[in-house]
Amino acid sequence: MSKYSKEDIIRMVKDEDVEFIRMQFTDIFGQLKNVAITASQIEKAVNNQIMIDGSSIEGFVRIHESDQYLRPDLDSFAILPWRPQHGRVARLICDVYNPDGTPFIGDPRGTLKRTLEHAAKLGYSFNVGPECEFFLFQTDEAGRPTTKTGDEAGYFDLGPLDHGESTRREICMTLEQMGFEIEASHHEVAAGQHEVDFKYADALTAADNIMTFKLAVKTLAQKNGLHATFMPKPVFGINGSGMHTNMSLFKDGKNVFADPSDPLGLSKEAYAFIAGLLHHVRAMTAVTNPLVNSYKRLVPGYEAPCYLAWSASNRSALIRIPAARGQATRVELRCPDPACNPYLALSVCLAAGLDGIEKGMTPPAEITENIFAMDEKTRESKGIASLPGSLKEAVDVMLSDKLICDTLGEHIVSQYSEGKYKEWDDYRTHVSSWETDRYLTIY
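Predicted model, so just to flag it, every value in this text is computed and none were measured. (Residues numbered from 1 in each chain as written. Predicted model: local features only at pLDDT ≥ 70, side-chain atom pairs only at ≥ 80, totals over all residues. Heavy atoms only, no water.)

**Section: the pattern of salt bridges**
A side chain with one charge may pair with a side chain of the opposite charge, provided their charged atoms come close.
Moving on, step 1. The final tally for this structure, using the stated rule, is 20 salt bridges.
Moving on, step 2. As a salt-bridge pair, Arg334 and Glu332 come within 3.3 Å of each other at their nearest N and O atoms.
Moving on, step 3. Residue classification places Arg334 among the buried positions, given a relative accessible area of 3%.
Moving on, step 4. Judged by relative accessible area, Glu332 falls into the buried class, the value being 1%. (Salt bridge = Lys/Arg side-chain N within 4 Å of Asp/Glu carboxyl O. Buried < 20%, exposed > 50% of the residue type's maximum accessible area, 1.4 Å probe, protein only.)

Following this line, the structure appears as structure tokens:
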């Protein structure tokens, strides 16, 4: 049931002194876009009459088919607390539609909706709790970002060691004003690294919340003279940033992953979901870890998982089952990073897990030992494969997986893979400072 009607939105814009409304949507590469309208246009907006030029958005449509329409999700209406209190700015998260009234096949939010509809036909609802990590860096005299933190803190440290504590607190308070329930926030392992965890929600709301979270973090950091980045591995030699993704399926209000009669408290659906994730995760990685830089995080030695295994306790495994059971039973996929497009990432996670359930897949044996301490021969003997080692390898594997391609759809697959191959080629042909430092003098 909807929270707001069209009349509610029009009334709130007037009563709350809103002057501008950001009509927000997300492109296939996970970049937040918007068209700003004045309050005088709100009636047009709630009646789906705001148009955009889709040919100007990377990966959307060609120039001769450029007209598209934004259809706001009325329940996403929120006032942006960091904007002026007089002449306020609000936002509406939108779906992208074609002029003939059909959903645009290249809209990532629409992709997630279609995957959720498939789950609903099987009787399932999909809940997600993300754990988003990010770095706060100092800026130089010109306001450009550096990789300096001025921070000596480590895991769970607090001020005065944690120089980002006040900004992190402001982020939490601002998000709560927007309706988030913040469960925890803390300093992470690396200097300048932070994590804010917000309460799980249905997958569509969770993806919307991730996009809102990233906008709020970057905006408030900038206001405080800092630069926030969700780049997975901004500094060599220290931990990168992940987005551990906690997932559960519910049916008739009950968590279908829970089974108190099982030694680990897991149901056959949970085991099958885990098996589906492990079966497709190499193909999913191009979406869950979308940058050249993502693969510099997915290496041994920095807590990031890079080996295909699952465990009820072992944090070196790709998939972990947190200790909570009953209604809180969940599967945690530890490879995604916060640079991903959350709509596409959650789509492929759900599709892979459901494939495991529909086909009755069985996961390999649980791995309880520290996988990082194993040599290659030991991993091979236990059947532990690795995630792709580069963006190119990840895209190659994605294109070979029919389920993942069908979930994303032909349009997104072709545009996404073309963009990522170009990104890889730009990286491959670029001469880096590492190369000049290493070779220029010697050769």
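Back to the text.
**Focus on helix H8 (residues 342-358)**
Moving on, step 1. The terminal C-alpha atoms of H8, which comprises 17 residues, lie 24 Å apart, in line with the 24 Å expected from a rise of 1.5 Å per residue.
Moving on, step 2. Taken across its 17 residues, H8 has 16 buried, putting it largely inside the fold.
Moving on, step 3. Regarding H8, its N-cap is Asn341, as a side-chain oxygen of that residue lies 3.0 Å from the backbone nitrogen of Tyr343 further along. (Helix = DSSP H or I, 4+ residues; strand = E, 2+ residues; numbered from the N terminus. Expected span 1.5 Å × (residues − 1). Polar contact = N/O pair within 3.5 Å; in protein donor to acceptor, adjacent residues only side chain to side chain.)

**Here's the deal with the side chain of Thr174**
Moving on, step 1. Locating Thr174 in the fold gives a position in helix H4 (residues 165-177).
Moving on, step 2. What makes Thr174 buried here is its relative accessible area of 7%.
Moving on, step 3. For Thr174, the residues in contact, after removing those within four places along its chain, are Pro81, Trp82 and Leu220. (Contact = heavy atoms within 4.5 Å.)

**Regarding a nonpolar patch on the surface**
Moving on, step 1. Taken together, the side chains of Trp434, Tyr439, Ile442 and Tyr443 present a nonpolar region at the surface, about 560 Å² in accessible area.
Moving on, step 2. Turning to its location among the elements, Trp434 is positioned in helix H13 (residues 433-439). (Patch = residues over 30% accessible without salt bridge, like charges linked within 9 Å, V, L, I, M, F, W, Y side chains within 5 Å. Areas by Shrake-Rupley, 256 points an atom, 1.4 Å probe, with all protein chains shown as cover.)

**A closer look at unusual backbone geometry**
Moving on, step 1. Notably, Asn48 is not glycine yet its phi reads approximately 65°, a positive angle.
Moving on, step 2. The class for Asn48 is partly exposed, based on a relative accessible area of 28%.
Moving on, step 3. Phi is positive for Asp252, close to 55°, though the residue is something other than glycine.
Moving on, step 4. Relative to the helices and strands, Asp252 resides in the loop between strand E12 (243-251) and strand E13 (254-255).

**Brief notes about the nonpolar core**
Moving on, step 1. If you look at the biggest cluster of nonpolar residues, it comprises 93 residues, and the most contacted ones within it are Phe213, Leu249 and Ile319.
Moving on, step 2. Here this core gets twelve residues from one element, more than from any other, and that element is helix H6 (residues 268-288).
Moving on, step 3. Non-local contacts of Phe213, meaning those with residues more than four positions away in its chain, are made with Cys132, Phe134, Ile171, Leu175, Phe180, Val196, Phe198 and Phe230.
Moving on, step 4. Core analysis: the next-biggest nonpolar cluster, separate from the first, contains 21 residues, Val18, Ile50, Phe77 and Leu92 among them. (Core = buried A, V, L, I, M, F, W, Y, C linked by side-chain atoms within 4.5 Å.)

**Here we look at empty space enclosed by the protein**
Moving on, step 1. Counted under the stated rule, the structure contains two cavities of 30 Å³ or more.
Moving on, step 2. Estimates place the volume of the largest cavity at around 60 Å³.
Moving on, step 3. Gln24, Phe25, Thr26, Leu32, Ile93, Cys94, Asp107, Arg109, Met211, Thr212 and Tyr343 are the residues that line the largest cavity.
Moving on, step 4. Among the elements of the structure, strand E1 (18-26), strand E6 (88-97) and helix H5 (203-223) are those that each provide at least two residues to the lining of the largest cavity.
Moving on, step 5. Residue composition of the lining of the largest cavity, grouped by class: six nonpolar, three polar and two charged.
Moving on, step 6. The volume enclosed by the second largest cavity comes to roughly 40 Å³.
Moving on, step 7. Looking at the second largest cavity, the residues that line it are Ile28, Phe29, Gly30, Val287, Pro290, Ala339, Asn341, Tyr416 and Lys420.
Moving on, step 8. Looking at the lining of the second largest cavity, its residues break down into six nonpolar, two polar and one charged. (1 Å grid on protein atoms, 1.4 Å probe; cavity = no way out; pocket = protein on both sides within 12 Å on 5 of 7 lines; lining within 4 Å. Points joined across faces, edges and corners; volume = space filled by probe spheres on them. Nonpolar A, V, L, I, M, F, W, Y, C, P; charged D, E, K, R; others polar.)

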